[in-house]
Amino acid sequence: MVTSENFYQDNPDLRFVMEQMVDWAAIFAMRGDTGHAEAPFDSVEEAREANLDMLSDPIGTIAAQRIAPRAEDVDRLGCRLENGQVIFSEPLQRNLDDLREAQLTGLTMDPAYGGIGFSKTFYSAAVELVSRADASLMNFFGLQGIADTIQQFASDEIKNEILPDMASGLLSGAMVLTEADAGSDLSAVRTRSLLEAEENPDGDWTLTGSKRFITNGCGDVLLVLARSEDPAKYGGGRGLSFFLVTRGERVQIRRIEEKLGIHGSPTCEIYFDKAPARLIGRRGHGLTRYTAWLMAAARLGVAAQSVGISEAALREAEAYANDREQFGKKIAELPAVAVMLAEMRVATEASRALLYATSTFVDLQEGAEKLGLNVEEKKYGRAADLLTPMVKYYTSELCNMVTSTAIQVHGGNGFMKDYPVERLFRDARITNIYEGTSQIQVDWAVVRLVRGELTAILEPYAGRVWEDIELAELAERLHDSRPLLDQATACLKQRGPEYRDLMARRVVDMALDHYVGWLLLAQAEKWRYKRKVVRRFLADALPRLRMNHEIVMGDRTLDLERLVEA
Amino acid sequence: MSYHIIVVVREVWDTRDLVGEPLGLDGVLKPLPRRFDPEDLNSLEQALQIKDREGGSVTVLSVGQPGEVDVLRECLYRGADEAFRVTTDEDLDTGARAALLAAAIRRIGAHDLVLLGVSVPEGENSLLAGELAGRLGHAQLTYVDSLTELVPGQVTCRREIEMGSEFVRLPLPAVLALGVYLLKDDPRTPRAAKAMLKLKLKKAPIPEWSAAELGLAGEPRRMRLAGLTALPQRNVETHDVDAGSEAALAALLRDIR
Amino acid sequence: MTRILVFLEHDENGVTDLSLQALALAGSLGGEVEALLVGQSLAAAVEVALAHGAAQVLTVEHATLANYLAGPVSSVVAAVVTERDPVLVLFQASTVGNDLAPLTAGRLEAACLVDCDGVERAGNSWRLLRTEFDARVRAAYQPEGTGPVLVTLKDGVAEVRATAGGGDVIPLDLSPAGGATGEVLRREVVKKTVNLKDARVIVGGGAGVGSRENFALLERLAEKLGGEIGATRASVDAGWVSAERQIGQTGVTVKPDLYIACGISGAVQHLVGIRDARTVVGINSDPSAPIFRVSHYRIVGDLTSVVPKLIELLG
Ligand SMILES: Cc1cc2nc3c(=O)[nH]c(=O)nc-3n(C[C@H](O)[C@H](O)[C@H](O)COP(=O)(O)OP(=O)(O)OC[C@H]3O[C@@H](n4cnc5c(N)ncnc54)[C@H](O)[C@@H]3O)c2cc1C
Ligand SMILES: Cc1cc2nc3c(=O)[nH]c(=O)nc-3n(C[C@H](O)[C@H](O)[C@H](O)COP(=O)(O)OP(=O)(O)OC[C@H]3O[C@@H](n4cnc5c(N)ncnc54)[C@H](O)[C@@H]3O)c2cc1C
């Protein structure tokens, strides 16, 4: 295992992105962190330093020194269910204690409730760091979106009752959406919530039914999506509301799953037996508003988790390849291995670039919303809505590629439990499934692409002049690819929903190759090393983009995908 | 029962990743990164654990302006109640530093324990503890592995000695130099900085005292560094042996026997 | 004539080897060498001191000094230094000397340096040598001012030398300063039964060994190689192996032809004890473990699988 003392300090790319690429000034200004009398910080510089410093210590140090060394044990020991109680392993419990003691459980929550109130961009970095240490722990650490959802939508009474204890880490939460028959299609949620009108005229509810695949379902604060309306009147998504249920006798954990990876995260089946519940927000808005909000936050979290896992796998592979000798030299020097290492590195850095660009849009949107700046809120909101499913899809798929390649670099050793890449590979596999599979992300993204919502995001690059000749030449090539992307998008629009769904992934890939190209080019302006990275990226991305263009513009049909012998 | 504990902390060169030639052409040590003396950090943790358990206070004290790490602030981030810095322009020898610290400790006032780390590779802090205890007239113990009992007026410690350990009871106030070595997930592992405290205390003023303010006229220098020379390093040529290969292991055994 | 005072440590095995090295060093510096023995029932130790170059042996016998404790012993030593006025006082770089010398220096407000591996004359004064920075640099220190200089000396500063003997014994009538000083409640030390110092082959086990059962594996390997078991403080403290086998700063310094480090991270405090090993083999599951920096052979792997293979190959 590659050891380190500080996962932030030892990571030049993350530091570069945090220190030089993220537009903190804009984020702070929009969020109100700086620039007015009651602002928590006197200056942008001060706020920036406080953010970066926090990433370094305690987050970077705890990740490196405490969480990472326990990851192997956490994976091996897993969680157990005994008499309806989920039992955590000792190292997992220690991880949770460490996070709580370092006061890292309320990072995004409003200081009024005892949180730190930092940005999503900061939080993404924190999740990346923790996930590099132990991907499964992210499923506790990364659940801070649950508190955010309560903060955003619940009544003051609920907020005051619950949030301070969530900020201090005393209470943990779960998002309780999936059912046996409602996975990707949550509008099929059946769990009935029954209004106990007689007993509780002021509108308290009870929930009955079961949910499955619930991460940390044994948590104290459950946000549950349930059917509250008569299906005859309000079918599908419109009949669903959002409820808060606290742990108690009427919430039973029936089983926990045996899984391929993230063994440190208990995945529970829950049965609600007339469990008392409180409505959050408005009836009938459960899926469209609150779940969508919570899922968006969670998707960003999974993207950050994916980048963290990629980083860990990349490091293991680089270290191994520089250590292991075959044919009289380090395997890293063999061209075939060098190619694998370069692919992993480019994938990791590209993922990271997109993660923080997206996080920034989310922060700007949330800030604009708070400030009541409607135009900005719409603008950044559109960008965030498009990029969030894109980044979740992109980083999680690449993280699967990176961990798989990391095993390849290790050869037979990589297949063994003796090397951490085996665990990383297993842990990576969930990232493109939960919080919406890649297919669902692509679905979300393509609809917005077809609506032309990438245009505004690309705007800053459209008319930009690149002084440096090398960069100008690369920009030229990116410009040249734009018409292909536009044509493909237009083609989807024109050829209707079925063709769109068939080709969705290819067009999303094109958009990603194009946009990430710009992000990396912008990085290359600030760091010489990145010139090589963007060259290496474009060397694959542009031909891939052209290939996808050709396929989309061609004449494939759904029928061609149905390969069954006559 | 509550205890007032003073922890003396410092920044040290980080020699762990020191590779290659340690001295520049000018014979001066090449700049190394610096870190919070890990043994001092262990001592701080002991103090904070006593406070968490028994109540009382933890006051931290350091000599000199911060270089790379502001050790005093780091202590505040971990839950120390108060911090004081003794300022000096000079590069002091240990005796002079002990004199300053002794004066500062008297200024801080009533206390039960003074803790610091015993820095083994350079010995320096084991020296500081003694010089400090001698000047304060306190009981002292060095190479302290753990505090096994603390009751009003008395502390019992396990002290590491050659061939084993001894248990020693001392009257308070006492100066203890701790040499804690940590096993994996040792409960004595120093805690991390706390996010909230970090935000709150980022700019908290740390009171400073100069020698003059402490009523010292300046301690004579008794030890001077007269020069450094690089020691020839034994060049170890490392051969890799594949743990999975019987042949490689057999070859190794042939080589070394 | 300059007077050098040597504080001698002694235990149930008599005057310690480090103390005799200090006496030998004092002799080589030229001057009048006085030895100081503090404790109880000192007769045997006095004879040893006289036979190793002490021109005079000062003794302070007192019931409360039977077990070493810094406070009382230092009050006595400070009084002796004041009375005898030596220019140099030598102690041992042990958990006694490094404890005692600084405290005494603090009391006397005298110059002090611990962990020295050499003392040379420099005109009217001394040059004190010490290795620093992970044994990469030798630092030379120069005491200033007039008072006595207190120094603790590391293993290896001089060869122990027996001399003709003869000399005076001067019992001093001193008692430790009054007041509460504390007491040693109990000592848990092991009797020395092995001589690691002279072992040609040592198999060292650290925290990575993981259990007493696994330590038995190392014993089998050591047996096959005709060697001894050594340990880090971590494995001693875990109770897998006896303290007399601890190698390093507060353990023994060894110089075997072959040292096999199993599950040892390579902390400086351990490495100082194996610096003179001729060949080092490191077995560690962490490819970046510092032990590999000093290893001639580097085996990255789990010792619970590597060690049994080695045993098997040895037949
Ligand atoms: C370890 C783990 C933890 C989880 N944690 C939680 C949690 O905390 N809370 C929670 O509510 N849920 C949780 N889930 C559930 C998770 O979100 C769902 O498993 C996921 O959304 C997919 O749903 P499904 O399993 O029902 O698959 P299905 O929806 O049955 O999907 C099967 C396949 O069909 C594809 N597919 C389905 N619909 C479409 C479409 N419209 N377009 C294109 N392709 C489509 C999918 O991509 C997939 O390939 C967790 C799951 C796991 C495995
Ligand atoms: C005042 C003082 C004096 C000290 N004196 C001494 C002294 O005299 N001697 C001494 O040794 N220490 C001494 N120490 C302690 C020293 O600082 C270190 O803590 C100690 O040497 C660490 O021991 P270790 O290498 O066994 O344990 P660790 O540092 O915990 O290392 C264990 C190693 O085992 C490896 N490992 C784990 N599992 C396996 C496996 N299955 N297979 C292979 N490898 C594995 C790990 O990768 C790790 O590198 C002293 C400390 C202080 C403060």
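Above: the structure in question.
Residues numbered from 1 in each chain as written. Chains lettered and ligands numbered in written order. Predicted model: local features only at pLDDT ≥ 70, side-chain atom pairs only at ≥ 80, totals over all residues. Heavy atoms only, no water.

Undergrad: Would you mind showing me how to read the site of ligand 2 here?
TA: Residue and element names in this part refer to chain C. Taken together, 29 residues form the shell around ligand 2, and within it A207, T232, T250, S265 and N284 come nearest. Contact distances for ligand 2 include 2.9 Å between an oxygen atom and a side-chain N or O atom of Q246. With respect to ligand 2, the backbone of T250 contributes an N or O atom lying 2.7 Å from an oxygen atom. Here ligand 2 loses 84% of its free accessible area of 990 Å² to cover by the protein chains. Where the shell around ligand 2 is concerned, the elements lending two or more residues are α6 (233-237) and α7 (268-271). Its residues assigned to classes, the shell around ligand 2 comprises 9 nonpolar, 16 polar and 4 charged. (Near = heavy atom within 4 Å. Polar contact = N/O pair within 3.5 Å; in protein donor to acceptor, adjacent residues only side chain to side chain. Areas by Shrake-Rupley, 256 points an atom, 1.4 Å probe, with all protein chains shown as cover. Helix = DSSP H or I, 4+ residues; strand = E, 2+ residues; numbered from the N terminus. Nonpolar A, V, L, I, M, F, W, Y, C, P; charged D, E, K, R; others polar.)

Undergrad: Can you walk me through the sheet that holds strand β16 (residues 258-262) of chain C in this structure?
TA: Sheets are built from strands paired through backbone hydrogen bonds, the pairs being either parallel or antiparallel. Sheet architecture is open: 6 strands sit in the order β13(B)-β18(C)-β17(C)-β16(C)-β14(C)-β15(C), paired in parallel fashion. This sheet does not close on itself; its edge strands, each paired only once, are β13 (239-241) of chain B together with β15 (228-231) of chain C. Strand-to-strand, the axes of this sheet are offset by a mean angle of 20 degrees, without reference to chain direction. Judged from the 5 bridges that link them, β16 of chain C and strand β17 (residues 279-284) of chain C form a sheet pairing that is parallel. In the sheet register, Y259 of chain C faces β17 of chain C, and the bridge partner there is V280 of chain C. Along the sheet, helix α6 (residues 246-256) of chain B makes contact with β13 of chain B together with β16, β17 and β18 (297-300) of chain C, crossing β18 of chain C at roughly 150 degrees. Docked against the sheet, helix α8 (residues 303-313) of chain C engages β16, β17 and β18 of chain C, running at close to 135 degrees with respect to β17 of chain C. (Pairing = 2+ DSSP bridges. Axes fitted to C-alpha atoms, helices over the stretch in contact; angles between N-to-C directions. Contact = heavy atoms within 4.5 Å.)

Undergrad: Help me understand the interface of chain C and chain B in this model?
TA: It is common to report an interface's size as the accessible area lost on association of the parts. Contacts between chain C and chain B engage 82 residues on the former and 76 residues on the latter. Interface area, chain C with chain B, both sides summed: about 7,100 Å², of which 57% is carbon and sulfur. Counting across the interface, chain C meets chain B through 8 salt bridges. Summed over the shared surface of chain C and chain B, the result is 30 residue pairs in polar contact (both at pLDDT 80 or more). Of the residues belonging to the side of chain C that touches chain B, the class tally is 43 nonpolar, 15 polar and 24 charged. Two elements, β13 of chain B and β18 of chain C, share 3 bridges in a ladder whose sense is parallel. Bridge pairing in β18 of chain C links V241 of chain B to I299 of chain C. (Buried area = accessible area lost by both parts, 1.4 Å probe. Salt bridge = Lys/Arg side-chain N within 4 Å of Asp/Glu carboxyl O.)

Undergrad: Would you mind showing me how to read the packing of helix α3 (residues 44-77) of chain A against helix α4 (residues 90-101) of chain A here?
TA: Angle between the axes and distance between the axes are the two parameters that describe a pair of packed helices. Residues and elements named next belong to chain A. Viewed as axis vectors pointing N to C, α3 and α4 meet at an angle of 155 degrees, and their least axial separation amounts to 8 Å. Comparing their axes, α4 and α3 come out roughly antiparallel. Judged by the twist between their axes, the crossing of α3 over α4 is left-handed. Every residue of α4 that contacts α3 at I62, R66, I67, R70, D73, V74 and L77 is listed here: P91, L92, R94, N95, D98 and L99. (Parallel < 35°, antiparallel > 145°, perpendicular 65-115°, else oblique. Left-handed = near helix turned anticlockwise from the far one by under 90°.)

Undergrad: I'm lost on the nonpolar core in this one. Help?
TA: As a rule of thumb, soluble globular proteins bury nonpolar side chains together. Residue and element names in this part refer to chain A. Grouped together as the largest cluster of nonpolar side chains are 158 residues, with contacts concentrated most on M18, L55, F272 and Y515. Both domain 1 (173-284) and domain 2 (460-560) contribute no fewer than three residues apiece to this core. Setting aside anything within four residues of it in sequence, one finds M18 in contact with Y8, W24, R48, L52, L55, T121, A125 and Y356. (Core = buried A, V, L, I, M, F, W, Y, C linked by side-chain atoms within 4.5 Å. Buried < 20%, exposed > 50% of the residue type's maximum accessible area, 1.4 Å probe, protein only. Domains from an automatic or database assignment.)

Undergrad: What is the right way to read the sheet that holds strand β6 (residues 113-117) of chain B from this model?
TA: What the 10 strands build is an open sheet, ordered β11(B)-β5(B)-β4(B)-β1(B)-β6(B)-β10(B)-β7(B)-β8(B)-β9(B)-β13(C); its pairing is mixed. Of all strands in the sheet, those with a lone pairing partner are β11 (208-210) of chain B together with β13 (183-189) of chain C, marking the two edges. Across the sheet, the axes of successive neighbouring strands diverge by a mean angle of 30 degrees, strand direction being ignored. Relative to strand β4 (residues 56-63) of chain B, strand β1 (residues 3-8) of chain B is paired through 6 bridges, and the arrangement is parallel. Pairing of H4 of chain B across the sheet is with S57 of chain B, part of β4 of chain B.

Note that every value here comes from positions in space, so none of it alone points to a role or purpose.
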